[in-house]
Each structure stands twice: as structure tokens, then as C-alpha cells.
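The chain contents come next:
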Amino acid sequence: QVQLVESGGGSVQAGGSLRLSCAASGSIFSINVMGWYRQAPGKQRELVARITSGGRTNQLDSVKGRFTISRDNAKNTVYLQMNSLKPEDTAVYYCNAGVRRTFWENFDDYWGQGIQVTVSS
């Protein structure tokens, strides 16, 4: 089994910062892409940012310049530094990882349980 455990969410005022962390644990041979998605009430889940094992990143246009994704491959952990937060960033944030559990298996998608981020104006 593979578990993704998120931490670091909470409530902040507009303009504030939060740092999300997501640690993958369990039966892990390798991880390719790790990322963060979010889902606001009444909206579809959307990709916020993702990062490959080699450090290549891509982000949602609306968070460029404000959010930074990074990862520690040795710790199987991905981070999302969120600065200059806006009320429209309010959502449940989900960690995602493509994990290969053994050399002989393909990569499968795993998800964290989600963590709430609330930005008040």
C-alpha cells in the first residue's frame, strides 16, 4: 500500500502565506510526477502545480509568481509554497503522485485525503 499524507493547510487572510507538504510512504520503488490539485465548492478539481522527479514543473496560470512547487526525492515529499494568497485560492487541496511499487509494476496514481485552505478577504 501507498499513503500520501498532507499537512500545512489552514486559514489565512488575503496576502498571507501557507506551505503545504505531502509525504508518500509505504511500498514505493519510485515516484515520477508529484503534484497538487484543488477543488473549490461547486467546481471541478484542477491541477495547481506538478513536478517531475527531475525537477521540471508546470503550474496553473493563476498561481504563477505566487506558488512554488518543490520536492525532496530522498523523502518522497512534495511541497507547495503559497504566497500572496487570494480568496479565490480557497479550496480543498489534494496531493497526487505517480508511484511504481516494484520494478515490475507500472506507475499508478495515488491521492491524499485532501486538506482545506481558506483565504479570507
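What you see is a predicted model; the values in this text were computed from it and never measured. (Residues numbered from 1 in each chain as written. Predicted model: local features only at pLDDT ≥ 70, side-chain atom pairs only at ≥ 80, totals over all residues. Heavy atoms only, no water.)

### Re the sheet that holds strand E8 (residues 77-82)
Then comes step 1: Taken in spatial order, the 4 strands make up an open sheet running E1-E3-E8-E7, and their pairing is antiparallel. Two strands in the sheet have a free side with no partner beyond their single neighbour: strand E1 (2-7) and strand E7 (67-72). The average undirected angle you get between the axes of adjacent strands in this sheet is 15 degrees.
Then comes step 2: Bridge count between E7 and E8: 6 bridges; the pairing is antiparallel. Directly across from Phe-67, in E8, lies its bridge partner Met-82. (Pairing = 2+ DSSP bridges. Helix = DSSP H or I, 4+ residues; strand = E, 2+ residues; numbered from the N terminus. Axes fitted to C-alpha atoms, helices over the stretch in contact; angles between N-to-C directions.)

### Some words on the pattern of salt bridges
Then comes step 1: Inspection of every chain in the model, using the stated rule, returns 5 salt bridges.
Then comes step 2: The salt bridge partner of Asp-89 is Arg-66, with a shortest N-O separation of 2.7 Å. Of this pair, Asp-89 sits in the loop between E8 and strand E9 (91-100) while Arg-66 sits in the loop between strand E6 (57-59) and E7, and the two are 23 residues apart along the sequence. In this pair, the class of Asp-89 matches that of Arg-66, namely buried.
Then comes step 3: Shared partners join several salt bridges into a network, and the residues in it are Arg-38, Glu-46, Arg-66 and Asp-89. (Salt bridge = Lys/Arg side-chain N within 4 Å of Asp/Glu carboxyl O. Buried < 20%, exposed > 50% of the residue type's maximum accessible area, 1.4 Å probe, protein only.)

### Looking at the side chain of Thr-77
Then comes step 1: If you trace the backbone, Thr-77 turns up in strand E8.
Then comes step 2: If we skip the residues at most four places from it in the chain, Thr-77 touches Cys-22, Ala-23, Met-34, Ser-70, Arg-71 and Asp-72. (Contact = heavy atoms within 4.5 Å.)

### Overview of the packing of aromatic side chains
Then comes step 1: Applying the stated criterion across every chain yields a total of 3 aromatic pairs.
Then comes step 2: Ring geometry for Phe-29 versus Phe-103: centroids 6.0 Å apart, planes at 80 degrees, classification edge-to-face. Of this pair, Phe-29 sits in the loop between strand E3 (18-26) and strand E4 (30-39) while Phe-103 sits in the loop between E9 and strand E10 (108-111); the two residues are 74 residues apart in sequence, bridging distant segments of the chain.
Then comes step 3: Taken together, a centroid distance of 5.0 Å and an interplanar angle of 65 degrees make the contact between Tyr-37 and Trp-111 edge-to-face. Separated by 74 residues along the polypeptide, Tyr-37 in strand E4 and Trp-111 in strand E10 bring together distant segments of the chain.
Then comes step 4: Judged by relative accessible area, Trp-111 falls into the partly exposed class, the value being 37%.
Then comes step 5: Among the aromatic residues, ring-to-ring pairing joins Phe-29, Phe-103 and Trp-104 into one connected group.
Then comes step 6: For the cation-ring pair, Arg-45 lies above Tyr-94, with the distance from its terminal atom to the ring centre recorded as 3.8 Å. (Phe/Tyr/Trp six-rings, centres within 6.5 Å; stacked < 30°, edge-to-face > 60°. Lys NZ or Arg CZ within 6 Å of the ring centre and 35° of its normal.)

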